[in-house]
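Architecture at a glance
As a plain string of letters, each chain reads:
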Amino acid sequence: MMKDRLISIVILSLLCFGVTRALDDKGDTLSTDEPIKLGDATETENNENKLLAWDAPLAKESAADDSAGYNPLYRMPFTELYDIGVGAYLENNWNDCIVYLEIAVHEFKVYRQAVVNCRLQCAYQSEREEPFYDVKSDNLQFYDLMLKRTFCLNSCYKKVLKPQYLPPFFVSQYYFERFNNLRPYEYLQLCYYRDTEYEKAASATYTVLMHNLENSLQMSNMQFYLKEQKVDISKVKDLEEQPFVQQFMDGMDAYHKENFEQAINILEESLLSYLMSQDECRAFCDGEFDHAGWQPDFISAIGNHFIYGLYCKQNCTRDLNNIRGEAYDNVLTIHYEYLQFAYFKIGDIQRACRAVSSFLLFYPDDEEMLYNVKYYRTEHQAAENYFKARSEATRFYQRAMYEKKLLQYALTEFNQLYGEDMRKRAMEVQLPSLLQLYAKYSTNVTDEHGNGACLFKISTNLFKSAVLQMN
């Protein structure tokens, strides 16, 4: 029995971490009969229409609201629920810890989704309205846009936010950091364990671990639940996993089984879902900014708030590129990588070429994809207009490159203005949060492929070895 369970763990680890280059299971030889087996994205007629309309807001429905029942806790803000849950933990009141923190997590998701939906919808709506006066003068069209978006947001918030989240409710950076860093699950794991709910404890642990594999404490906890408490690993779930992840894994499964039409359909949906997750994460970054007692002038306040949000948005790419503990440079290009070959296998050369071109936007010197371009031109007489990157890839790339230049400029100017002494001081004392951001990232900014700043690689060796050594 133990041996069977360990085998299943090893298999799961391979499934979780085996998504590498599509060439890996094919060998290193190049064939003149086929392009190199690296995927690229394509579109069915319906999918193409959806992806070309990526400018439209891609918000999901708001998270299910359980407050329709009679539990008064659902009428409390998640900040208060979190504080009470942590207090219950400190008092060894495991049941209240579980009740309050579970609802706090739920309420945070409800709040986040409502805010994100409003921001995406208002951005989409305001950018398509005509300016009051069609003359470019003193940046007034920018403020025209911001005023319309402001009133749209105020109206939307009044309609969709639950009463406890309307003004004067304010979420401090303290709570955003706690929930974004999955702190409630760390407390829940301990409370579940004390309440002998080992399966839930394992899922809470796994949730934290999948977003931070370097957490050695949670790694030990995971080993404990699987080995000592005999938790069925098939029932352990990442409770914060993005919807596109399972779609992506299903698409990979169909691809490796050579069910290429099915793989295309699933991977196109996964790609669209990934872009949706990107938009939602970025929209949530457009929130409050704590000047920490600093009183900047008008222009400085705008610039500092913008850069602060821009750093947050780079973390969206980093976090979404982490699939079940494996960190990738760019999940978007992996979709194009696999879709390219899948489209080729069903005979759709034009879409295969567009996928190749989309991939090459991000990695223009990739030898295998350049070989594929040559192959399609020589073996299939692909027309030059076939090699046009897909619209969503072009938009994603251009935005990433522009943001990279803005971040580089901001950090260069910061270093020239304040120098190394201020960088060290900002990390040691309570200076305005923007200065702390500059200080933190001033030595880690660039990414040669335009994939954003601060893309930290997460080692998976620790998790793999731990799982494999559990016997």
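Going by the structure above, here's the rest.
Our subject in this report is the structure included herewith. (Residues numbered from 1 in each chain as written. Predicted model: local features only at pLDDT ≥ 70, side-chain atom pairs only at ≥ 80, totals over all residues. Heavy atoms only, no water.)

**Some thoughts on the overall build of the protein chain**
What counts is decided by this rule: Note on conventions: DSSP H or I runs of at least 4 residues are helices, E runs of at least 2 residues are strands, and numbering of each starts at the N terminus. Exposure classes here rest on a 1.4 Å probe applied to the protein chains alone. A residue is buried below 20% of its type maximum, exposed above 50%, and partly exposed in between. By definition, residues are in contact when any of their heavy atoms lie within 4.5 Å. All accessible areas in this document rest on Shrake-Rupley with a 1.4 Å probe, and a residue is counted as covered only by the protein chains that are shown.
When its secondary structure is counted, the protein chain shows 18 helices and two strands. The burial tally for the protein chain puts 50% of its 471 residues in the buried class. Intrachain contacts of the protein chain at a sequence separation of at least 6 include 78% that bridge at least 24 residues. Accessible area for the protein chain stands at about 24,000 Å²; split by element, carbon and sulfur atoms hold 51% of it.

**A word on the pattern of salt bridges**
Condition: Basic side-chain nitrogens of Lys or Arg form a salt bridge, by our definition, when they fall within 4 Å of a carboxyl oxygen of Asp or Glu.
In the structure shown here, the tally under the stated rule is 17 salt bridges. A salt bridge links E241 to R324; the shortest N-O distance between them is 2.9 Å. Remark: R324 occurs in the loop between strand 1 (322-323) and strand 2 (326-327) and E241 occurs in the loop between helix 9 (216-227) and helix 10 (243-256); sequence separation between them is 83 residues. Across the salt bridge formed by E403 and R282, the nearest N and O atoms sit 2.4 Å from each other. Taken together, the residues E403 in helix 16 (residues 391-428) and R282 in helix 11 (residues 260-284) connect sequence positions 121 residues apart. When sorted by exposure, E403 lands in the same class as R282, which is buried.

**A word on a nonpolar patch on the surface**
Worth spelling out the cut-off: Patch definition: residues with relative accessible area over 30% and no salt bridge; like charges joined within 9 Å; nonpolar side chains (Val, Leu, Ile, Met, Phe, Trp, Tyr) joined within 5 Å.
On the surface, a nonpolar cluster with roughly 410 Å² of combined accessible area is contributed by F132, Y133 and V135. Note on placement: Y133 falls in the loop between helix 4 (94-126) and helix 5 (140-160).

**Considerations on the packing of aromatic side chains**
Here is the rule we go by: Pairing of aromatic side chains here covers Phe, Tyr and the six-membered ring of Trp, requires ring centres within 6.5 Å, and sorts the geometry by plane angle: under 30 degrees stacked, over 60 edge-to-face, intermediate tilted. Over a ring means this: the NZ of a Lys or the CZ of an Arg is within 6 Å of the ring centre and within 35 degrees of the ring normal.
Counted by the stated rule, this structure contains 36 aromatic pairs. Sitting over the face of the ring of F284, R112 holds its NZ or CZ atom 5.1 Å from the ring centroid. The side chain of K148 reaches across the aromatic face of F132, ending 4.4 Å from its centre.

**A few points about the state of the cysteines**
Applicable threshold: When two cysteine sulfur atoms are found within 2.5 Å, that pair is recorded as a disulfide.
Applying the stated criterion across every chain yields a total of five disulfides. There is a disulfide in this structure between C118 and C156, and the S-S distance comes to 2.0 Å. With the S-S bond torsion at -80°, the cross-link from C118 to C156 turns out left-handed. Taken as a pair, C118 in helix 4 and C156 in helix 5 lie far apart in primary sequence, 38 residues in all. Judged on exposure class, the residue C118 and its partner C156 are both buried. The disulfide that involves C122 links it to C152, with 2.1 Å between the sulfurs. Looking along the S-S bond of the C122-C152 disulfide, the torsion reads about -80°, which is the left-handed sense. A residue pair is termed long-range when its members are at least 10 positions apart, and C122 in helix 4 and C152 in helix 5 qualify at 30 residues. By the burial criterion, C122 is buried, and C152 matches it. Along the protein chain, the cysteines that take part in disulfide bonds pair up as 1-6, 2-5, 3-4, 7-10, 8-9, counted in sequence order.

**Some words on the packing of helix 13 (residues 331-345) against helix 14 (residues 349-362)**
Condition: Here, axes are lines fitted to C-alpha atoms. For helices the fit covers the stretch in contact, and angles between N-to-C directions go from 0 to 180 degrees. The cut-offs work like this: below 35 degrees is roughly parallel, past 145 is roughly antiparallel, 65 to 115 is roughly perpendicular, and the gaps in between are oblique. Here a crossing is taken to be left-handed if its near helix is turned anticlockwise relative to the far helix by less than a right angle, and right-handed if that turn runs clockwise.
Where helix 13 meets helix 14, the axes come as close as 8 Å, and the angle between the chain directions of the two elements is 155°. By the criterion of interaxial angle, the relationship of helix 13 to helix 14 is roughly antiparallel. The chirality of how helix 13 crosses helix 14 is left-handed. In contact with L332, T333, Y336, E337, Q340, Y343 and F344 of helix 13, helix 14 contributes I349, R351, A352, A355, V356, S358, F359 and F362.

**Digging into the environment of V331**
The residue V331 is located in helix 13 in this model. V331 sits in the buried class, given a relative accessible area of 0%. Residues V331 and L271, spaced 60 residues apart in sequence, show a C-alpha to C-alpha distance of 8.8 Å. Residue contacts for V331: discarding those within four places in its chain leaves F244, Y274, L320, N321 and I323.

**Quick notes on helix 13**
Condition: A helix is expected to reach a length of 1.5 Å times the quantity of its residues less one. Polar contacts here mean pairs of N or O atoms no more than 3.5 Å apart (in protein, one a potential hydrogen donor and the other a potential acceptor; neighbouring residues in sequence count only if both atoms are side-chain atoms).
Its 15 residues place the ends of helix 13 22 Å apart at the C-alpha level, agreeing with the 21 Å of an ideal helix rising 1.5 Å per residue. For helix 13, the side-chain oxygen to backbone nitrogen distance between the N-cap and L332 is 2.9 Å, and the N-cap itself is N330.

**Focus on the nonpolar core**
Using the following cut-off: We define the nonpolar core as a collection of buried residues of types Ala, Val, Leu, Ile, Met, Phe, Trp, Tyr and Cys that are connected through side-chain atoms lying within 4.5 Å of one another.
Core analysis: the biggest nonpolar cluster contains 58 residues, and F78, Y82 and Y111 have the highest contact counts within it. Mapped by element, the contributors of at least two residues to this core are helix 3 (78-90), helix 4, helix 5, helix 6 (173-180), helix 7 (183-194), helix 8 (198-210), helix 9 and helix 11. Filtering out sequence-adjacent residues up to four positions away, F78 remains in contact with A104, E107, F108, Y111, Y165, F169, V171, Y175 and F179.

**Some thoughts on the side chain of T205**
Note that T205 resides in helix 8. For T205, a relative accessible area of 0% translates into the label buried. Beyond its immediate sequence surroundings of up to four residues, T205 is in contact with Q189, Q218, N221, M222 and Y225.

**A word on the packing of helix 11 against helix 13**
Quick reminder of the rule: Any residue outside Ala, Val, Leu, Ile, Met, Phe, Trp, Tyr, Cys, Pro, Asp, Glu, Lys and Arg is labelled polar, Gly included; the first ten of those are nonpolar and the last four are charged.
Running from N to C, helix 11 and helix 13 cross one another at 155°; their axes reach a closest spacing of 9 Å. Our classification of the angle between helix 11 and helix 13 gives roughly antiparallel. Judged by the twist between their axes, the crossing of helix 11 over helix 13 is left-handed. Listed contacts from helix 13 to F260, A263, I264, L267, E268, S270, L271, Y274 and L275 of helix 11 are V331, L332, H335, Y336, Y338, L339, F341, A342, Y343 and K345. Tallied by class, residues from the contact of helix 11 with helix 13 come to 15 nonpolar, two polar and two charged.

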